[in-house]
Structures are given as structure tokens and as C-alpha cells.
Amino acid sequence: MNRAMISEPSSQIQRAAALLRAGEVVAFPTETVYGLGADALNPAAVAKVFAAKGRPADHPLIVHLPLNADLAMWAREVPPVAEKLALAFWPGPLTLILARQKRIPDIVTGGQDTVGLRVPDHPLARQLLAAFAGGIAAPSANRFGRISPTTAEHVRQELGDRVALILDGGPCAVGIESTIVDVSRRSPRILRPGAVTARDIEDVLGVPIGQGPGGADEEEAPRVSGSLPGHYAPHTPLALIGRSRLPEELHARVAQGLKLAVLGREAQRIVDGRIYWQRALTDPAGYAHDLYAHLRAMDALGVDLIVVEAPPEELAWLAVCDRLARAASGSGSDEEP
Ligand code: TXA
Ligand code: MG
């Protein structure tokens, strides 16, 4: 039975903050995806987040902060690059990896010497952080390895029996997880692409930014569970197919007797009783906004295969392509790599 209530926003903020203070786990909306939050300075509370998600202990969580937070309470050093990015993009869909303050429990950082910090830009998240007046450690509010939730209902379906309260802030505006930038090393790097693009960051910093886990001269790359292939996967196998090959590939699979759900970028091209066709929005922001809801809906249809028409290989589509590639590579398996 689900013991979690999906709450009316305004009346529930104080209750959610009180639950956090009492060491309970609360799900809340952010502009990217819903988070599963606990008091970042309470290791027993954070342990409940790992238990609810089924997440391995060595995968660090992001600490969410109110806009007026003193970063020095959380990070040992805040280099000028971090200050510039925080000023430009907070509150917003950007996570900064910084050298951690010692008082942050190991369970939050996976024992690493760094911590991920983010100031989210959803009114309920901001109200909750203001009421709690502390850091909220929160991963996305899904079971480990599965699709991030972008509505309160998604959270209830997946974790409703494991959280004390779900704040309902409607569908998330961005729809995919924050851009993660490691600013704890000599040169900043994007560890996970998101709505804040490399170009947005370069415009602010005035220098090129690296992508991926880092070069040979860097220390060992930090763990980013969102960087594992096989993350963000539906239960149904998922194939990512380019636009030009789509008609023949669909015909071939229908001929094999497969039932398909297709996320296409234009109106349905092949009409067949075995194909459920979902048309996606054609701009990257709109596509990202709807992506996880579409994948969840298609996953629930009981088809044999989800086919996604590959988006263009352009910078604006990078974050969406990253999530789709992971969904495709993890497809059909509930096991983490
Ligand atoms: O948009 C988001 O970032 C959402 C919302 C809820 O804020 N959160 C989110 O959390 O996506 P999660 O746990 O699903 O993904 C956070 C990623 C993980 O891949 C984790 O490994 C990485 O951030 N991360 C956290 N701390 C890190 C650190 N110190 N070094 C490197 N990666 C870190
Ligand atoms: Mg996640």
C-alpha cells in the first residue's frame, strides 16, 4: 500500500521541512526532475534515500541549497570559475562539483573528497529549502537505474510506499537532469550534459570547456552513476534508429511479428495495427520536457520494443541524445552494469 500522500503545494511545505528535520525522506519537484530528499547532514536520513532507491552506497548524491546559502559551509574552496557559473546559472539546472567540507557525511559524497552542489529553480523546491534552511541531499526520485520522474505521479508509482511525503509541483519544466560541471580540478569539465550547454558555459567563462571524465593527466575520474551506460532505462528494450533507416527498420520488425511503440519526430509515417506512434516535439527543450513521460507511457504499453527516432547530432540535442543512448544500451535489463 502507498503510504505517501501527494500533497497540495502551499499547505505542505512546513510539514515537508519538519519531516526532513525529523530524519525522514521527502520527494519534491525541481525544474529538472523530482528529487528524493533527506537532511544532507544526517547520515541516517541519507541512508534511507539509498535504501528507498536501491542505490549502491558509492554513488554520491547532489546537495541542494537555497539561493542565499553560504557555499563555504559546503565547499572548502570556491574557485572563481565556480563563482561565475553559480552567479550565471543558479537557481537553475546546473550542478557544480567542488572540494567538500569535512562536515558533509561520507554517505552523501560516496566517500569522495568532492561534493555536488546545486540551487534548484522550482518554486516548491525553493520554498522547501528556505523553510528547511539547510542542505537537502537528493538523487532523482526513481529506483536506481530507471527513468527519472518528471511528475509527482511518477514518484508515487515507483516509490510511493517508501517516502513520507511527495510534494506535487506539476510536471518539471526542463524534464532531464541537471548539467554537472566538475570545477574541483585545474580545468572545468562537463561530466553530464544537460539543459545548460557547453556553449552556455563557455559564453560565461570565456574559455573552452572539456566534456567527459577527464584526460590522462587527471586524477581518477569521480564516479557519476548517471554516466554509466544502462542508466535511464525503461523495462522494455529500446532501439535508437536514425531517421533515414526508420521506415525499413519498422517494416522489418513488424514483419517479425513484434509490437512496437515509436517515438517519432514527425507525424506517423507507417500505419500498422502493431505500431503505437507517439510524436515528439521538434525543438530540443520541448523534446526533453516530454521525454521521460513518453518513455514511461510507452514502457507501460506492453509492447516488445520501443523505437526512438534518433534526434539530430547537434550540440542543442546533446543532453537528450546522451539519455537516449544510455536508455538504449541498458535496454531490457533491470541489472545495473
Ligand atoms: O537535476 C538533477 O541533478 C536531479 C535533481 C533532483 O536535482 N538530481 C539528480 O541526481 O539527477 P542523481 O543522483 O540521479 O544524479 C546525480 C549525479 C550522479 O550521477 C552522481 O554520481 C553525480 O551526480 N555526483 C554527485 N556527487 C558527485 C561528485 N562528488 N563527483 C562526481 N559526481 C557526482
Ligand atoms: Mg538519477
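Residues numbered from 1 in each chain as written. Chains lettered and ligands numbered in written order. Predicted model: local features only at pLDDT ≥ 70, side-chain atom pairs only at ≥ 80, totals over all residues. Heavy atoms only, no water.

Once that is clear, we can look at the overall build of the protein chain. The helix and strand inventory of the protein chain stands at 10 helices and 15 strands. The long-range share in the protein chain, meaning contacts at least 24 apart out of those at least 6 apart in sequence, stands at 69%. Surface exposure of the protein chain reaches about 13900 Å², of which carbon and sulfur atoms provide 53%. (Helix = DSSP H or I, 4+ residues; strand = E, 2+ residues; numbered from the N terminus. Contact = heavy atoms within 4.5 Å. Areas by Shrake-Rupley, 256 points an atom, 1.4 Å probe, with all protein chains shown as cover.)

It is worth spelling out the sheet that holds strand 14 (residues 275-279) at this point. Pairing within the open sheet is parallel, and its four strands lie in the order 12-15-13-14. Each edge of the open sheet is held by one strand with a lone partner, namely strand 12 (238-241) and strand 14. Sheet twist, expressed as the mean angle between neighbouring strand axes with direction ignored, is 20 degrees. With five bridges joining them, strand 13 (residues 260-264) and strand 14 adopt parallel strand pairing. Residue pairing for strand 14: G264 is matched across the bridge by R279. (Pairing = 2+ DSSP bridges. Axes fitted to C-alpha atoms, helices over the stretch in contact; angles between N-to-C directions.)

To continue, consider the packing of aromatic side chains. Scanning all chains against the criterion turns up one aromatic pair. Between Y287 and W317, the aromatic rings sit 5.3 Å apart at their centres with planes inclined by 75 degrees, giving edge-to-face as the arrangement. Within this pair, whereas Y287 is found in helix 9 (residues 284-299), its partner W317 is found in the loop between strand 15 (305-309) and helix 10 (318-329), the two being separated by 30 residues in sequence. Given a relative accessible area of 3%, W317 falls into the buried group. The aromatic ring of W74 is capped on one face by R103, whose charged end is 4.5 Å from the ring centroid. The lysine or arginine in question, R265, covers the ring of W317, its NZ or CZ lying 5.3 Å from the ring centre. (Phe/Tyr/Trp six-rings, centres within 6.5 Å; stacked < 30°, edge-to-face > 60°. Buried < 20%, exposed > 50% of the residue type's maximum accessible area, 1.4 Å probe, protein only. Lys NZ or Arg CZ within 6 Å of the ring centre and 35° of its normal.)

What follows is about helix 3 (residues 80-89). Every α-helical turn comprises 3.6 residues, leaving residues that sit three or four positions apart pointing alike. Of the residues making up helix 3, those classed as buried are A82, L85, A86 and F89. Down the axis of helix 3, the smallest arc covering the buried residues is 100 degrees, so these residues share one side. Seen from the open side of helix 3, the exposed residues pointing more than 90 degrees away from its buried face are P80 and L87. If you follow the buried residues of helix 3, they end up packed against strand 5 (94-99), strand 9 (179-182) and helix 7 (198-205). (Arc of directions from axis to C-beta.)

Moving on: the confidence of the model for the protein chain. Taken over all residues, the pLDDT of the protein chain has a mean of 91, while the share at 70 or more is 89%. Taken together, the stretch residues 215-222 has pLDDT below 50 and engages in 12 contacts with residues farther than four places along the chain or on a different chain. Note on residues 332-337: pLDDT under 50 across the span, and 14 contacts to partners over four residues away in sequence or across chains. (pLDDT = per-residue confidence, 0-100.)

With 46 residues, the main nonpolar core has L36, L85, L94, L96, L117, V181 and I201 as its most contacted residues. Listed by contribution, the elements that provide at least two residues to this core are strand 3 (35-39), helix 2 (43-53), helix 3, strand 5, strand 6 (114-118), helix 6 (152-159) and helix 7. Looking at this core, the element that brings in the most residues is helix 2, giving five residues. For L117, the contacting residues outside a window of four places in its chain are I62, V63, L65, L71, W74, A75, W90, L94, T95, L96 and L98. Counting 23 residues, the second largest nonpolar core, distinct from the first, contains V33, V174, Y292 and A327. (Core = buried A, V, L, I, M, F, W, Y, C linked by side-chain atoms within 4.5 Å.)

Moving on: the packing of helix 3 against helix 7. How two helices pack is summed up by the angle between their axes together with the distance between the axes. Contact geometry of helix 3 with helix 7 gives a least axis separation of 10 Å together with a crossing angle of 115 degrees. Between helix 3 and helix 7 the crossing geometry is right-handed. Between helix 3 and helix 7, the residues in contact are V81, K84, L85, A88 and F89 and D200, I201, V204 and L205, respectively. Taken together, the residues of the contact of helix 3 with helix 7 break down into seven nonpolar, no polar and two charged. (Left-handed = near helix turned anticlockwise from the far one by under 90°. Nonpolar A, V, L, I, M, F, W, Y, C, P; charged D, E, K, R; others polar.)

Another point: the environment of R245. If you trace the backbone, R245 turns up in the loop between strand 12 and helix 8 (246-255). For the pair R245 and E309, spaced 64 residues apart in sequence, the C-alpha to C-alpha distance is 9.3 Å.

On to the packing of helix 9 against helix 10. Here helix 9 crosses helix 10 at 30 degrees, and the two axes come no closer than 9 Å. By the angle class used here, helix 9 and helix 10 are roughly parallel. Between helix 9 and helix 10 lies a crossing whose hand is left-handed. Across the interface between the two elements, P284, Y287, A288, L291 and Y292 of helix 9 pack against V320, R323 and L324 of helix 10. (Parallel < 35°, antiparallel > 145°, perpendicular 65-115°, else oblique.)

Another aspect to go through is the pattern of salt bridges. Using the criterion set out here, one finds 18 salt bridges in the structure. Ionic pairing is found between R162 and D161, a salt bridge with its closest N-O pair at 3.9 Å. The exposure class of D161 is partly exposed, given its relative accessible area of 39%. Measuring nitrogen to oxygen at the nearest pair gives 2.7 Å for the salt bridge that ties E309 to R243. Taken as a pair, E309 in strand 15 and R243 in the loop between strand 12 and helix 8 lie far apart in primary sequence, 66 residues in all. (Salt bridge = Lys/Arg side-chain N within 4 Å of Asp/Glu carboxyl O.)

The full count for this structure, using the stated rule, is three cavities of 30 Å³ or more. When its volume is computed, the second largest cavity comes out at roughly 40 Å³. In terms of lining, the second largest cavity is formed by I190, P193, G194, V196, T197, A198, Q211, L315, L318 and A319. For the lining of the second largest cavity, the per-class residue count stands at seven nonpolar, three polar and no charged. (1 Å grid on protein atoms, 1.4 Å probe; cavity = no way out; pocket = protein on both sides within 12 Å on 5 of 7 lines; lining within 4 Å. Points joined across faces, edges and corners; volume = space filled by probe spheres on them.)

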